[in-house]
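# A structural walkthrough
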Amino acid sequence: MKKLTWILAASALALAACGGEEADTGTTEGGEASKDIKLGATAGPYSDMLNAAIVPALEEKGYTVETIEFSDYIQPNNALNNGEIDANLFQHTVYLENFETENDMDLSALITVPTAPMGIYSNEFDSLDAVSDGATIAIPNDPVNGARALLMLQDEGLVELDPEAEVLQASERDVTENPKNLVFQPIEAGQLPRAVEGTDLAAVPGNFALAADMDLLDALALENMPDQYRNVVAVSAENEDSELAADLVEIVESEEFEAVIDEQFEGFGKPEWMAE
């Protein structure tokens, strides 16, 4: 979730352009649900995705849409829970579920969307086959993104993990084989783009890579991302069966949406349902 001085920001910043007003989710004089809506996203690729691939289709369905950009990963869910926005796009399922539990909220993921994958970048090597013995690799120091990095390294044959380890919580302690004797350097995820200059390799989450104007296709390898780590369109649980929710799902499942992704979001990994 999009990039980023975001998910691991030390403190939540204020809402941008929201003015503290609640979204109009009432009814019209005829008793129909209002089509004046507000959608939230973090500034960057997922705000761009809303504006390029979702908002125009909503407007064709008669909605009047305001897009609210946030500068952290806390306020978009707070605003959704408080009714200040009607839906958001910035987070993956694991983050959403953890946030709900920690903050006693009831939010719902409607549908998974194409998401910028983590990549292994290097200014030292031009391929993973060329990685030398004892090379240093910077990886995220938070548990969720750290596990993603290790799973990607395993997929690329650079390490093996304990098969008994919890996939979404794997850590360096779960590395059972490390044939190239890679040296892991955990650092804050937002600093990983800079680490490309100072280490042999860096596993950079896609949102941070895009925020640093990195090209996803320059990565030596891109993550085969589990759907739990792909971003979702989310609404409050009480609106899960609303007309807006149904329209959002219909739009994301459309050929027109996928065409915009292919044209404007090159390198984004598509969810499993898109391959069906």
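Residues numbered from 1 in each chain as written. Predicted model: local features only at pLDDT ≥ 70, side-chain atom pairs only at ≥ 80, totals over all residues. Heavy atoms only, no water.

As enumerated under the stated definition, the model contains 6 salt bridges in all. A salt bridge links R148 to E223; the shortest N-O distance between them is 2.7 Å. Of the two residues, R148 is situated in helix α4 (residues 143–155) and E223 in the loop between β11 (221–222) and β12 (231–236); the sequence distance between them amounts to 75 residues. Take R148 and E223: they sit in the same class, and that class is buried. (Salt bridge = Lys/Arg side-chain N within 4 Å of Asp/Glu carboxyl O. Helix = DSSP H or I, 4+ residues; strand = E, 2+ residues; numbered from the N terminus. Buried < 20%, exposed > 50% of the residue type's maximum accessible area, 1.4 Å probe, protein only.)

The next point concerns a negative patch on the surface. Together, D104, D106, E238, E240 and D241 make up a region of like negative charge exposed at the surface. Positionally, E238 belongs in the loop between β12 and α7 (243–252). For E238, a relative accessible area of 73% corresponds to the exposed category. (Patch = residues over 30% accessible without salt bridge, like charges linked within 9 Å, V, L, I, M, F, W, Y side chains within 5 Å. Areas by Shrake-Rupley, 256 points an atom, 1.4 Å probe, with all protein chains shown as cover. Lys, Arg positive; Asp, Glu negative; His and termini not counted. Charge placed at Lys NZ, Arg CZ, Asp CG, Glu CD.)

Quick look at the environment of L244 now. Within the secondary structure layout, L244 lies in helix α7. Residues L244 and K35, 209 residues apart in the sequence, show an inter-C-alpha distance of 8.3 Å. Ignoring sequence-local partners within four residues, the contact set of L244 consists of I37, L58, Y63 and D86. (Contact = heavy atoms within 4.5 Å.)

This brings us to the pairing of strand β4 (residues 107–112). Side-chain positions along a regular strand alternate between the two faces of the sheet. With 5 of its 6 residues buried, β4 lies for the most part within the structure. As paired strands, β4 and β12 are joined by 5 bridges and run antiparallel to one another. Note on β12: the bridge partner recorded for L107 is S236. (Pairing = 2+ DSSP bridges.)

With that out of the way, let us pick up the sheet that holds strand β1 (residues 36–42). One open sheet accounts for 5 strands, arranged β2-β1-β3-β12-β4; its pairing is mixed. Each edge of the open sheet is held by one strand with a lone partner, namely β2 (64–70) and β4. Across the sheet, the axes of successive neighbouring strands diverge by a mean angle of 30°, strand direction being ignored. Where β1 lies against β2, 7 bridges are found, and the strand directions are parallel. Looking at β2, one finds that L39 is bridged to T67. Here helix α1 (residues 45–60) sits on the sheet and contacts β1, β2, β3 (87–92) and β12; the angle it forms with β1, its principal contact strand, is near 160°. Against the sheet, α7 touches β1, β3, β4 and β12, its axis set at about 25° to β4. (Axes fitted to C-alpha atoms, helices over the stretch in contact; angles between N-to-C directions.)

The next subject is the confidence of the model for the protein chain. This prediction gives the protein chain a mean pLDDT of 89; 88% of its residues lie at or above 70. Overall, residues 1–31 carries pLDDT values under 50, and its contacts beyond four positions in sequence, including any with other chains, amount to 77 contacts. (pLDDT = per-residue confidence, 0-100.)

A few words on the environment of A149. Inspection of the secondary structure puts A149 in helix α4. A C-alpha to C-alpha distance of 8.5 Å links A149 and I120, two positions 29 residues apart in sequence. Apart from the residues within four sequence positions on either side, A149 is in contact with M118, I139, P140 and A203.

Bringing the sheet that holds strand β5 (residues 119–121) into the picture now. With respect to topology, 5 strands assemble into an open sheet ordered β9-β6-β10-β5-β11, the strand pairing being mixed. In this open sheet, the two edge strands, each paired with only one partner strand, are β9 (183–187) and β11. Note that strand β6 (residues 136–140) and β9 share 5 bridges and pair parallel. Its bridge partner lying in β9, A138 is registered against Q185. Sheet strands touched by α4: β5, β6, β9, β10 (201–204) and β11. Its angle to β6, the strand with the most contacts, is close to 135°.

What follows is about α1. The end-to-end C-alpha distance of α1 is 22 Å, a good match for the 22 Å that 16 residues give at a rise of 1.5 Å each. Helix geometry: α1 is bent most strongly at I54, by close to 45°, with proline P56 lying one to four residues after it. When we look at burial in α1, the residues that qualify are P45, Y46, S47, M49, L50, A53, I54, V55 and L58. Trailing α1 by a residue or two, G62 shows a phi angle of about 100°, which is positive. (Expected span 1.5 Å × (residues − 1). Bend = angle between axes of the 7 residues up to and from the residue.)

In this section: the packing of α1 against helix α8 (residues 255–264). What describes two packed helices is the angle between their axes and the distance between those same axes. Interaxial distance between α1 and α8 falls to 9 Å at its minimum, and their mutual angle equals 140°. On the basis of their axis angle, the class for α1 and α8 is oblique. With respect to the hand of their crossing, α1 and α8 are arranged in right-handed fashion. In contact with M49, A52, A53 and I54 of α1, α8 contributes F257, V260, I261 and Q264. For the contact of α1 with α8, a count of residues per class yields 7 nonpolar, 1 polar and no charged. (Parallel < 35°, antiparallel > 145°, perpendicular 65-115°, else oblique. Left-handed = near helix turned anticlockwise from the far one by under 90°. Nonpolar A, V, L, I, M, F, W, Y, C, P; charged D, E, K, R; others polar.)

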